[in-house]
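Observations on chain architecture
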Amino acid sequence: QKEVEQDPGPLSVPEGAIVSLNCTYSNSAFQYFMWYRQYSRKGPELLMYTYSSGNKEDGRFTAQVDKSSKYISLFIRDSQPSDSATYLCAMKTTGTASKLTFGTGTRLQVTL
Amino acid sequence: DVKVTQSSRYLVKRTGEKVFLECVQDMDHENMFWYRQDPGLGLRLIYFSYDVKMKEKGDIPEGYSVSREKKERFSLILESASTNQTSMYLCASSPHGSGAPDTQYFGPGTRLTVL
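Predicted, not measured: the structure shown is a model, and the values here were computed from it.

About the criteria used
- Here, residues in each chain are numbered from 1, in the same order as that chain's written sequence.
- The order in which chains are written sets their letters, starting at A; the order in which ligands are written sets their numbers, starting at 1.
- At least 70 in pLDDT is required for a residue's local features to be given in this predicted model, at least 80 for side-chain atom pairs to be given and counted, and no such filter applies to totals for whole chains, interfaces and linings, which use all residues.
- Hydrogens and water molecules were not included; the side-chain quantities draw on all heavy atoms of the structure.
- Helix and strand assignments follow DSSP, with helices taken as H or I runs no shorter than four residues and strands as E runs no shorter than two, numbered in order from the N terminus.
- Within these notes, the globule rule equals 2.2 Å times the number of residues to the 0.38 power, and the radius of gyration is based on C-alpha atoms.
- Here the term buried applies to any residue with accessible area under 20% of the maximum for its type, exposed to any over 50%, and partly exposed to those in between, with areas from a 1.4 Å probe on protein chains only.
- Only heavy atoms enter the contact rule, under which two residues are in contact if any of them lie within 4.5 Å.
- Shrake-Rupley sampling with a 1.4 Å probe provides the accessible areas, and residues are treated as covered by the protein chains on show and by no other component.
- Only four residue types enter the charge count: Lys and Arg as positive, Asp and Glu as negative, with His and the chain ends excluded.
- The atom standing in for a charge is NZ when the residue is Lys, CZ when it is Arg, CG when it is Asp and CD when it is Glu.
- Pairing of aromatic side chains here covers Phe, Tyr and the six-membered ring of Trp, requires ring centres within 6.5 Å, and sorts the geometry by plane angle: under 30 degrees stacked, over 60 edge-to-face, intermediate tilted.
- The rule for a charge over a ring is simple: NZ of Lys or CZ of Arg within 6 Å of the ring centre, and within 35 degrees of the ring normal.
- The pairing criterion for strands is at least two bridges between them, as found by DSSP.
- For helices, the fitted line uses only the C-alpha atoms of the stretch in contact; every axis is such a line through C-alpha atoms, and the angle between N-to-C directions lies from 0 to 180 degrees.

**Some points on the overall build of chain B**
For chain B, the helix and strand inventory stands at zero helices and eleven strands. In chain B, the succession of helices and strands from N to C terminus is β-β-β-β-β-β-β-β-β-β-β. Here the C-alpha atoms of chain B give a radius of gyration of 13 Å, agreeing with the 13 Å that 2.2 N^0.38 yields for 115 residues. In terms of overall dimensions, chain B has C-alpha extents of about 40 × 30 × 25 Å along its principal axes. Counting every position in chain B, which comprises 115 residues, the buried fraction comes to 50%. Sequence separation of 24 or more characterises 55% of the internal contacts of chain B that already satisfy a separation of 6 or more. Entry remark: accessible area of chain B is about 5500 Å², with carbon and sulfur atoms responsible for 50%. For chain B, the centre of its 15 positive side-chain charges and the centre of its 15 negative side-chain charges are spaced 7 Å apart.

Structure follows, in structure tokens:
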């Protein structure tokens, strides 16, 4: 069983829709949770991160962590065609090591 | 702006060849990483380095080695390329941290095909 599970999609939504992207994990030592966005033929870029449980909002994006369920979500409000990309969740434990464990990524297509 | 550059965007090599993938970052970051990305498997860590001349194995180091002679440069070496090493290779760097999510900055990737 993978440490981090993520539905690969593709997920297709109309412009303006609310998008929900999710990951589940099995390692209870994970404390930091990140979402990366990867456009086609580009490297991933950090979108948001949260520490432990709770919500974090940044513009149209909200990251949510539920440690009791080992479940994290990224919500995108008023989705735009420019949001079309692959979204990867990533997690790490505390400590000096910077090693991240990634999900496989969900491909999102926002249509006009 | 942090910049991570990789020597090639596309590379085609033959089975058995020795392959060098180069990565350079310009932000004086201590940490550097090599990943491969495959459909359905996501990003998997091959090797990483916390300092010059230091290296640590990641999750899938078999068939690979690395070199970090200078802080800004991290090289991935395929000693004898095989077809199952056909993949997208991504380099990343991050500043040293003590537990906070050191943001990893990724390069554009090298798509390697081994024939």
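**Topic: the packing of aromatic side chains**
In total, this model carries twelve aromatic pairs over all chains according to the counting rule given. Centre to centre, the rings of Phe102(A) and Phe106(B) are 6.2 Å apart; their planes meet at 75 degrees, and the pair counts as edge-to-face. Taken together, the positions of Phe102(A) in strand 10 (residues 101–102) and Phe106(B) in strand 10 (residues 105–106) put the pair across two chains. In this structure Phe106(B) comes out as buried when scored by relative accessible area, which is 11%. The interplanar angle of 20 degrees and the centroid separation of 6.2 Å between the aromatic rings of Phe33(B) and Phe48(B) together place this pair among those described as stacked. Here Phe33(B), found in strand 4 (residues 31–38), pairs with Phe48(B), found in strand 5 (residues 42–49); they are 15 residues apart in sequence, far enough to count as distant. Side by side, Phe33(B) and Phe48(B) carry an identical accessibility label, which is buried. Each member of the aromatic cluster is reached from another via a ring pair, and the members are Tyr36(A), Phe102(A), Phe33(B), Tyr35(B), Phe48(B), Tyr50(B) and Phe106(B). The ring of Tyr49(A) has Lys56(A) sitting right over it, with the charged end atom 4.1 Å from the ring centre.

**Considerations on the sheet that holds strand 3 (residues 19–25) of chain B**
Residue and element names in this part refer to chain B. Taken together, the four strands give an open sheet; going across it, the order is 1-3-8-7, and neighbouring strands pair in antiparallel fashion. The sheet is open, and its two borders are formed by strand 1 (4–6) and strand 7 (64–70), each paired with just one other strand. Averaged over all adjacent pairs, the angle separating strand axes in this sheet is 20 degrees, with direction ignored. The pairing of strand 1 with strand 3 spans three bridges and is antiparallel. Within strand 3, the position partnered with Gln6 by the bridge is Cys23.

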